[in-house]
Protein chains: 6
Amino acid sequence: MPGTSDVSHSPVIAEIDFEKPGKQFGALRVPQSRNDSGWGTISIPIVVVKNGKGPTILFTAGNHGDEYEGQVTLLNLSRALDPQEIEGRVIIIPAMHFPAALNGTRMSPIDGKDFNRSFPGNPRGTFAEVLAHYVDSRLLPLCDFQMDLHSGGHGMDVYCCTALHDLDDPAMMRRSLDMANAFNAPVTIVLKEVNAGPTLLAAAEKRKIPALSSELGGRAYVNIDNLEVTERGVRNVLKHVGIMKGTPAPHPRYGKSRVMTVPDFNCYIFVPRAGLFQPADHLGAMVTAGRPAGWLHFIEDPSAPPIELTYKASGLLWCTRGEARVQTGDPVVVIAQDRAS
Amino acid sequence: MPGTSDVSHSPVIAEIDFEKPGKQFGALRVPQSRNDSGWGTISIPIVVVKNGKGPTILFTAGNHGDEYEGQVTLLNLSRALDPQEIEGRVIIIPAMHFPAALNGTRMSPIDGKDFNRSFPGNPRGTFAEVLAHYVDSRLLPLCDFQMDLHSGGHGMDVYCCTALHDLDDPAMMRRSLDMANAFNAPVTIVLKEVNAGPTLLAAAEKRKIPALSSELGGRAYVNIDNLEVTERGVRNVLKHVGIMKGTPAPHPRYGKSRVMTVPDFNCYIFVPRAGLFQPADHLGAMVTAGRPAGWLHFIEDPSAPPIELTYKASGLLWCTRGEARVQTGDPVVVIAQDRAS
Amino acid sequence: MPGTSDVSHSPVIAEIDFEKPGKQFGALRVPQSRNDSGWGTISIPIVVVKNGKGPTILFTAGNHGDEYEGQVTLLNLSRALDPQEIEGRVIIIPAMHFPAALNGTRMSPIDGKDFNRSFPGNPRGTFAEVLAHYVDSRLLPLCDFQMDLHSGGHGMDVYCCTALHDLDDPAMMRRSLDMANAFNAPVTIVLKEVNAGPTLLAAAEKRKIPALSSELGGRAYVNIDNLEVTERGVRNVLKHVGIMKGTPAPHPRYGKSRVMTVPDFNCYIFVPRAGLFQPADHLGAMVTAGRPAGWLHFIEDPSAPPIELTYKASGLLWCTRGEARVQTGDPVVVIAQDRAS
Amino acid sequence: MPGTSDVSHSPVIAEIDFEKPGKQFGALRVPQSRNDSGWGTISIPIVVVKNGKGPTILFTAGNHGDEYEGQVTLLNLSRALDPQEIEGRVIIIPAMHFPAALNGTRMSPIDGKDFNRSFPGNPRGTFAEVLAHYVDSRLLPLCDFQMDLHSGGHGMDVYCCTALHDLDDPAMMRRSLDMANAFNAPVTIVLKEVNAGPTLLAAAEKRKIPALSSELGGRAYVNIDNLEVTERGVRNVLKHVGIMKGTPAPHPRYGKSRVMTVPDFNCYIFVPRAGLFQPADHLGAMVTAGRPAGWLHFIEDPSAPPIELTYKASGLLWCTRGEARVQTGDPVVVIAQDRAS
Amino acid sequence: MPGTSDVSHSPVIAEIDFEKPGKQFGALRVPQSRNDSGWGTISIPIVVVKNGKGPTILFTAGNHGDEYEGQVTLLNLSRALDPQEIEGRVIIIPAMHFPAALNGTRMSPIDGKDFNRSFPGNPRGTFAEVLAHYVDSRLLPLCDFQMDLHSGGHGMDVYCCTALHDLDDPAMMRRSLDMANAFNAPVTIVLKEVNAGPTLLAAAEKRKIPALSSELGGRAYVNIDNLEVTERGVRNVLKHVGIMKGTPAPHPRYGKSRVMTVPDFNCYIFVPRAGLFQPADHLGAMVTAGRPAGWLHFIEDPSAPPIELTYKASGLLWCTRGEARVQTGDPVVVIAQDRAS
Amino acid sequence: MPGTSDVSHSPVIAEIDFEKPGKQFGALRVPQSRNDSGWGTISIPIVVVKNGKGPTILFTAGNHGDEYEGQVTLLNLSRALDPQEIEGRVIIIPAMHFPAALNGTRMSPIDGKDFNRSFPGNPRGTFAEVLAHYVDSRLLPLCDFQMDLHSGGHGMDVYCCTALHDLDDPAMMRRSLDMANAFNAPVTIVLKEVNAGPTLLAAAEKRKIPALSSELGGRAYVNIDNLEVTERGVRNVLKHVGIMKGTPAPHPRYGKSRVMTVPDFNCYIFVPRAGLFQPADHLGAMVTAGRPAGWLHFIEDPSAPPIELTYKASGLLWCTRGEARVQTGDPVVVIAQDRAS
């Protein structure tokens, strides 16, 4: 394909008009040479719904391909949202790292990159880097708010939550936490780190955009109960930021979101060897430091007893390993603790 | 390695003495040339516990590599079993298709074969075929009973059950069903087919050995609740066949096992296209023909509504898809119905 | 999936009723375990159009995945054919080796088998072998005529023709040749071999079914001119065998099909080394033994002159290499000669 | 290999003397560690022919491995060129991205990079990046003129042409266009973009070197007719720039090159889904907006009619899809229109 | 390629005349479909030297691709042998499993089969099986003697020897051992097994052909000293069987070959875990049961001492592991003991 | 895993305290997302032994995964070293590029990078780049001395030596050479290059740290004799730098290390084609320019004589090809010459 004239140097072409009122279904077209199609492109569906003069929010899912509650929610939202019911602009990318989502894997088979470790990206890099650069440099500047819908994928099962960083700027922190409260997941995790590395959440925070991440389940399937939380949560956020009318209200079952944090590495358990992980507790249980967290079994030697892993911190069993088979260095447990307000 | 003298033509060498009393931890050694080790072998752990003159039972797990409740149970049983507490012989292979189990996948990376589609095997075939031939021609003849512990793997989540075929021979049928009742899973599935194809269960049945298969969960992790059923079940079977003392008793929570069947293809739903499956019901729910079973979403076109899939039969939601991402022709639902006694 | 009861031992399930009048779009469902779907299946579309009591013909394309004139023709025929316009039964499989056709390659990525080297197949073999067994043992017995539509694929460009074997039985030979004349490709190639090995054409001939193969172009694209010949040819055959009304008539441009043969290995040129093949003549040219057929260039040594390849036989340039890059032993030229009647 | 002293930091070593008169066949040696050869290197053949004091031109082919008219032409030119018949210097790299050319694919199996998206390269990057850096930083500075010979590869068939960018600098534009006219392909495509991205053509233009690209056919074979144009064209260019004696003259068949352009994205058709593309017209036809450009067929559903694709612009059918099998987002048609002079 | 007429059903074509006097360089042409060359073939070089009426011997090397002393010897012999100096026929295949030899690996990348585990082969099987069938059913019947030249490959280093089986038939045993004595390697290993499985040596023995295998070094390089033994050995055998004039004489350095055997599995050491093997002794050393044979180190845990492996038998260190990195079940030591005559 | 707060931007976490006295076995934990473990990490064992106030030395091995004398030596040293016997700090990484070492290959399967071409690394790059950045920016600043233990790997066999660069700074040169003399390998190679590119040795030199590399054998096994040199050498260096008590003494067999160099490219032989390399001389032989260095054989054409390769320089045969199979451009010989002092 003849080199495309593009003053800002991203080779990505948005086949949608971000300024046009109404609802549009369009695509981000990313060039990707293949041996059987040198000028081939990959089209990433994007939806813009716009009405009047309100704020802009960007909802994304499929940042990792095997995280599904967000993808289903945003597909449904794309069709359901009526421009007449909003004031502002909603930009939706239901399956952002599209080749990974089509493949049903965290990373895509194109370049093997973790998309959420690729920000701020590179317009001359690999597919994930080119796309991350576009999202960071073109889409984030359009936004007043951003929310990236994650789940635990194959490797983890996570207790349904939103997540944000413990930001230095108290106003930004307040606005982000209000957004999390509005979403109203059972739990809100405030991560203590200031610099969260090459993630979309951190990219948004660097641009001073109130932003949320989330972990809405795991094990690479659609958890029905968490899907209900998610569908409700994105509408709550739309109401909270003033794009939709109405007020987010506490969930009938659990009321307000419980604000928690993961204070240090004692909350994690990483396995010391490859093996088969048997957990001791169900996700969401309250657990106690010093008690067994699970056992690591070794099929190569049935005479060897399993290694007993022990909690090093007390709290909520926030994350548990998604699959029994683990490799040396895999985390199998993360504990969350209530956050001092 | 110099060609091994082996009158029965299997190249597999058992480094264990099946007739020796007491407990032994040994291996089945299967030759497997690699480019960096022409005379390399793969060692599959096997345990034999023997005392006195009672019957022989073979317990196997890891027929598919990513099914774990059985693997953990048999590893624990291997260490726990005291020769003094039995009368007879217990042969245990906790991770039978060992390279698949090490890889955490249904099939092994060596030959890509489904081990449970490889019986009666072939001593000159690929790894799975050589091993299936050994299990069928050497181990089954030693047995009075056999039980192969499966779960649903990555692709399925299954309501905890044992499974057997609806056999023509009423005595064999009775003995197999008694064994299932003894195991006492919440559900027992009687599959109507006489000829179950190239599975280990069918191989045992052809040799007139009362045999059970099972589906003890799924999604490639260790389900704590099902693990408890399995640990209890294998001991119940040992008591039932007279190797261990004592009597299997009904489970305190659900009492007797509910005997069910899958009468025809109306109980299955196969997806007509690749997509993202959202289930309508939780595993184990009682569902009704004509009601929605789930929705198939399409990330490539957010403007397209999902396909609604409908139950074609009423009954227990026995199997549900393990992962959201599905390919054309994948089953996502199997319904079981009570069996007329 | 519970082992399916199947007296004839093929695990393939036809989701179509071969005896039902009218037009049906159905599928052959072939079990294919994947690591993420143990009970997965592959659905191969099949179409049956039936009316009254006439003969049965089976049309197949996509035996090799990258041969397209036949696939397009049979897809169009599937939709166009009105049961009312036929007397008999037309069974159509537009993309027989379906995973290869979806992949756009000669062989499929599932087992790497050449489907047309897999007959008579094996119900316990790999995907291609299971499918070949079904086509041979289930579909061919339903047929009075069979036609398998090939082209040259990536590796070859072939002058548009039908092909059949020089059969010992004069009546069979006559009937097959009449069918080829009816199809009315520019050329008909009579291959001298009696035993053509493990191909579908040979499988049909063994069952005494008048059968045709063909080579309707090549280079893995749709040749517009050859597509016109193919669309016309399949209707001509339907008329010839009496399923459709009407009479095949000579093509306005080239009249009758020219009957030719490839008498011996002198008609072939295989390259002696890997290199870059530059042909001397256009496909379909009349060429002369002793003249240059092309040149083999060597990018690894620009100082080395190319090897000049010379025709060893005179005749029609029937096949020419599809791609410039060749490996040792690749054929780059096949010459056809007029057949003495 | 002990670290090589290289003040300019490229690890590439030219085993040829660019300043030596006469004809030399040499190599660019690029280090490339392999698991079985840590100090391995890849040798890319290069030819230098030098005589007297005229200008320097660099001819390259095999920028993409599966584009062959240029490779054959430059191999032949390498042997044919007599230093005595020139005044100046001709540098020839007949198969520049050598591992891709050996592999017969657009990209090489070493790093999967598209070489013509790798400029200006990186001396510490992957193979393609290291080589691009060398070509850009070492070879281009030697040149007064540059020509990079492309064809359409597996994915495209292109109407034989040269190509250049519509440059801002009128003198550069004039000199480049004169060079294209001298080459005298049937068509000259003036691409409107100023910044053509990371291509060799753009790299030359950035260095103010009059430069040409070209598309001399496609489908990964050697088109005999286009080869004749190419062989004639490179000699025409040598005469035009004064390295060879004589004057380029209009082609006897088509006279002067027709100068055309591709004004906007309406000239392209990208397919909206994966399928099988059947073109409506032959390459080089004059086509009309609103008329059918082809059809997209779906083997997964023979009951579904193909999607009819429609030309959105009138003009010359400049590019057509090389293979029938297409993926979502692949271009299948590009239209060129006469350029207002 | 049109199906080839072949009454004996092997698709392999010998492009050489086994009955023609003089020296011929020809090929075995084995069909092998590729995605880019459906009618592709693989040519395996074969040499026939024939004169007068003496016996026929078949020399083969490259049965495993990474074993080189035999390949070099037979390449040299092919060129050196003058028909005038022989009486009989010498058939030479210097690189029998040709794609493996080109790849420098034990097995070929085509089907991953160990060629020496593929006899008696299958004319419809994979590449290795088709070729083994041809060698067994077509070439062996032409032979009076056979010798297959192996070395240890990447995985082993072996003390230079010939090898044969301890055959039941005393006359066959005598003739084979005489042949080994004539070859005059430092050591002759008599393997005790009667049924040596699917090897070429066993295939020859089944056809009552005196046959030898050998292990002429290892580690996938050319051992200069062993190469001298091999070059001398093949000529000694030619003299011994009467094809060449002259008499084999004892080697000046070690005199007669030492006849040894590997009596049982105590002579082997297989590693119990993956690790890094450090040998205690040099190849060819005389070692003592109970002494350290080497150490298995674990890079994953520097605090863990290595496992000390101990010789279970005394004798000559005949084989030692070729590479330090080992997997569970790999043999690292084989001991040979003098054979009671 | 929540983004980790890390002011210096390396995502690597050292689970060890570099300042704590005594001996610690710890790990460098490097994040590495996998599809089945998004928050997975790779743990690289590291050992710190510290006592008192002496200097710090860093010993590394497994920079390339298939080089073993260093790995075994450092594993043994890790366990053997008693904090009481040192004054200072010894940091040991026995298998630095850990995934490559586990895989038994030069490069790791994670990113295919040559770790010793990855310095100074990139904290946002691939696994090898992230690790190189950590070693360069975190570990080297702790060091007074550094030694990186290499061998030849699969591709080379090297005469046991240490290696250093011919540095501009005479004091640095003196200190480095003294360290090499202390190590006391049979040979010391002084490489003439100042800028050795992206290696760890060059990274240390840039930081003005006296540093050594080495080549302690090859062919990917543990050479017993060289292991003895290595074990002795690292203790000699510890004594030389004053961390251990005692004085390095000349080796009883060869006395002082012979200081040599590789003056120019005439000392190398690269093969001009792929083939089978037969060396003429044993490693360590003194060879003469103009004499045969070996022969390149061609299995694809037994009638073609091998290419004779000739030494272009006289001296010690320092490196010889590790495996017989070579590709175009592979070095097969490197000659070292005595260094004028």
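Residues numbered from 1 in each chain as written. Chains lettered and ligands numbered in written order. Predicted model: local features only at pLDDT ≥ 70, side-chain atom pairs only at ≥ 80, totals over all residues.

1. Regarding the overall build of chain A
At step 1: When helices and strands are tallied, chain A shows 6 helices and 19 strands.
At step 2: Here the C-alpha atoms of chain A give a radius of gyration of 21 Å, agreeing with the 20 Å that 2.2 N^0.38 yields for 341 residues.
At step 3: Summarising its shape, the C-alpha atoms of chain A cover approximately 65 × 50 × 35 Å along the three principal directions.
At step 4: Of the contacts made within chain A by residues no fewer than 6 positions apart, 69% connect residues no fewer than 24 positions apart. (Helix = DSSP H or I, 4+ residues; strand = E, 2+ residues; numbered from the N terminus. Rg over C-alpha atoms; globule rule 2.2 N^0.38 Å. Contact = placed C-beta atoms within 7 Å.)

2. Quick word on the pairing of strand β3 (residues 41-51) of chain A
All names here are of chain A.
At step 1: The element β3 is extensively covered by neighbouring structure, given that 9 of its 11 residues are classed as buried.
At step 2: Two elements, strand β2 (residues 22-31) and β3, share 10 bridges in a ladder whose sense is antiparallel. Its bridge partner lying in β3, Gly22 is registered against Lys50.
At step 3: Pairing of β3 with strand β5 (residues 88-93) involves 5 bridges; the strand directions are antiparallel. Within β5, the position partnered with Val47 by the bridge is Ile92. (Buried ≥ 20, exposed ≤ 12 C-beta atoms within 10 Å, placed from the backbone. Pairing = 2+ DSSP bridges.)

3. Some points on the relation of the copies chain A and chain B
At step 1: Mapping chain A onto chain B leaves a residual RMSD of 0.0 Å; the transformation is a rotation of 180 degrees accompanied by 0.0 Å of translation along its axis. In the structure described here, the two chain copies are related by an operation that fits a two-fold rotation axis. The position closest to the rotation axis in chain A is occupied by the C-alpha of A:Arg219, lying 3.7 Å away. (Least-squares fit on C-alpha atoms with pLDDT ≥ 70 in both.)

4. Regarding the interface of chain A and chain B
At step 1: Of the residues lining the interface, 36 residues belong to chain A; the matching set on chain B comes to 36 residues.
At step 2: Elements with a contribution of two residues or more to the side of chain A that touches chain B: β3, α1 (69-80), α2 (98-103), α6 (224-240) and β13 (275-279) of chain A.
At step 3: Counting residues per element, the side of chain A that touches chain B draws most heavily on α1(A), at 5 residues.
At step 4: Its residues assigned to classes, the side of chain A that touches chain B comprises 21 nonpolar, 9 polar and 6 charged. (Nonpolar A, V, L, I, M, F, W, Y, C, P; charged D, E, K, R; others polar.)

5. Focus: the relation of the copies chain A and chain F
At step 1: Its rotation angle being 120 degrees, the transformation that places chain A on chain F also includes 0.0 Å of axial translation and leaves an RMSD of 0.0 Å. On this basis, the relationship between the two copies can be described by a three-fold rotation axis. It is A:Asp111 whose C-alpha, among those of chain A, lies nearest the rotation axis, at 6.0 Å.

6. Considerations on the arrangement of the chains
At step 1: At no point do chain D and chain E touch; the closest pair of C-alpha atoms across them sits 10 Å apart.
At step 2: No part of chain B reaches chain F; the closest C-alpha pair between them is 10 Å apart.

7. Considerations on the domain arrangement of chain A
Residue and element names in this part refer to chain A.
At step 1: When its domains are assigned, chain A resolves into domain 1 (13-261) and domain 2 (265-338).
At step 2: Across the contact, 14 residues belong to domain 1 and 12 residues belong to domain 2.
At step 3: Contributing elements (two or more residues each) for the side of domain 1 that touches domain 2: β7 (156-158), β9 (187-191) and β11 (258-261). (Domains from an automatic or database assignment.)

8. Quick look at the packing of helix α1 (residues 69-80) of chain B against helix α6 (residues 224-240) of chain B
All names here are of chain B.
At step 1: As a packed pair, α1 and α6 sit with axes 9 Å apart at the nearest point and diverge in direction by 45 degrees. Judged by the inter-axis angle, α1 sits oblique to α6. As for how α1 packs across α6, the hand of that crossing is right-handed. Between α1, through Glu69, Gly70, Val72, Thr73, Asn76 and Leu77, and α6, the contact on the second element is made entirely by Asn226, Leu227, Thr230, Glu231 and Val234.
At step 2: Classifying every residue of the contact of α1 with α6 gives 4 nonpolar, 5 polar and 2 charged. (Axes fitted to C-alpha atoms, helices over the stretch in contact; angles between N-to-C directions. Parallel < 35°, antiparallel > 145°, perpendicular 65-115°, else oblique. Left-handed = near helix turned anticlockwise from the far one by under 90°.)

9. Overview of the sheet that holds strand β16 (residues 307-310) of chain F
Where strands meet in a sheet, backbone hydrogen bonds hold them as pairs that are either parallel or antiparallel.
Residue and element names in this part refer to chain F.
At step 1: If you trace the 4 strands from one edge of the open sheet to the other, you get β16-β15-β13-β18, paired in antiparallel fashion. Edge strands, defined here as strands with exactly one partner in the open sheet, are β16 and β18 (325-326).
At step 2: Strand direction decides the pairing type here: strand β15 (residues 292-297) and β16, joined by 4 bridges, are antiparallel. Note on β16: the bridge partner recorded for Trp295 is Glu308.

10. Quick word on the interface of chain A and chain F
At step 1: Between chain A and chain F, the residue contacts involve 27 residues of the former and 18 residues of the latter.
At step 2: Broken down by class, the residue content of the side of chain A that touches chain F amounts to 10 nonpolar, 11 polar and 6 charged.

11. Here we look at the nonpolar core
At step 1: Counting residues in hydrophobic clusters, the biggest one holds 218 residues, and the most contacted among them are E:Val90, E:Ile335, F:Val90 and F:Ile335.
At step 2: Residues within four places of E:Ile335 in sequence aside, it is in contact with E:Cys267, E:Val287, E:Tyr311, E:Ala313, E:Gly315, E:Leu316, E:Leu317 and E:Trp318. (Core = buried A, V, L, I, M, F, W, Y, C linked by C-beta atoms within 7 Å.)

12. Re the sheet that holds strand β16 (residues 307-310) of chain B
Residues and elements named next belong to chain B.
At step 1: Ordered by their spatial adjacency, 4 strands build an open sheet running β16-β15-β13-β18, and the pairing between neighbours is antiparallel. The two strands at the open ends of the sheet, each matched to only one other strand, are β16 and β18 (325-326).
At step 2: Note that strand β13 (residues 275-279) and strand β15 (residues 292-297) share 4 bridges and pair antiparallel. Paired with Pro279 across the bridge in β15 is Gly294.

13. So, α1(B)
In an α-helix there are 3.6 residues to a turn, and that puts residues three or four apart on one side.
Residues and elements named next belong to chain B.
At step 1: For α1, spanning 12 residues, the distance from its first C-alpha to its last is 16 Å, which sits close to the expected 16 Å at 1.5 Å a residue.
At step 2: Counting buried positions along α1 gives 10 out of 12 residues, so the element sits mostly inside the fold.
At step 3: Among the residues of α1, Glu69, Gly70, Gln71, Val72, Thr73, Leu74, Leu75, Asn76, Leu77 and Ser78 are the ones counted as buried. (Expected span 1.5 Å × (residues − 1).)

14. Here's the deal with unusual backbone geometry
With glycine set apart, most residues show a phi of negative sign, and most peptide bonds adopt trans.
At step 1: Here the bond from B:Phe119 into B:Pro120 is cis, since omega is 5 degrees, no more than 30 degrees from zero.
At step 2: Within the secondary structure, B:Pro120 is located in the loop between α2 (98-103) and α3 (127-139).
At step 3: For C:Lys208, which is not a glycine, the phi torsion comes out positive at approximately 60 degrees.
At step 4: You can see C:Lys208 is positioned in the loop between α5 (200-206) and β10 (211-215).

15. Re the environment of B:Gly88
At step 1: With respect to the helices, strands and loops of the structure, B:Gly88 is situated in strand β5 (residues 88-93).
At step 2: Expressed as a C-alpha distance, the spacing of B:Gly88 and B:Ile57, which sit 31 residues apart in the sequence, is 8.4 Å.

16. Description of the environment of E:Gly112
At step 1: Take E:Gly112: it is sitting in the loop between α2 (98-103) and α3 (127-139).
At step 2: Separated by 14 residues in sequence, E:Gly112 and E:Thr126 have C-alpha atoms that sit 9.6 Å apart.

17. Describing the pairing of strand β10 (residues 211-215) of chain B
At step 1: For β10(B), a buried count of 5 out of 5 residues is recorded, marking the element as mostly surrounded by other parts of the structure.
At step 2: Where burial is concerned, the two faces of β10(B) agree: the one with B:Ala211, B:Ser213 and B:Glu215 and the one with B:Leu212 and B:Ser214 are both buried.

18. Quick word on α6(B)
Residues and elements named next belong to chain B.
At step 1: Over its 17 residues, α6 extends 24 Å from the first C-alpha to the last, a length consistent with the 24 Å expected when each residue adds 1.5 Å.
At step 2: What α6 keeps buried is the set Asn226, Leu227, Val229, Thr230, Gly233, Val234, Asn236, Val237, Leu238 and His240.
At step 3: Just beyond α6, the residue with positive phi is Gly242, at close to 90 degrees.

19. Focus on the environment of F:Arg253
At step 1: Note that F:Arg253 resides in the loop between α6 (224-240) and β11 (258-261).
At step 2: Accessibility expressed as a C-beta count within 10 Å gives 9 for F:Arg253, which makes it exposed.

20. Topic: the confidence of the model for chain A
At step 1: Of the residues in chain A, 96% reach a pLDDT of 70 or more, and the chain-wide mean stands at 95.
At step 2: Low pLDDT (under 50) marks residues 1-7 of chain A, which in the prediction has 19 contacts with non-local residues, meaning those over four places away or in another chain. (pLDDT = per-residue confidence, 0-100.)

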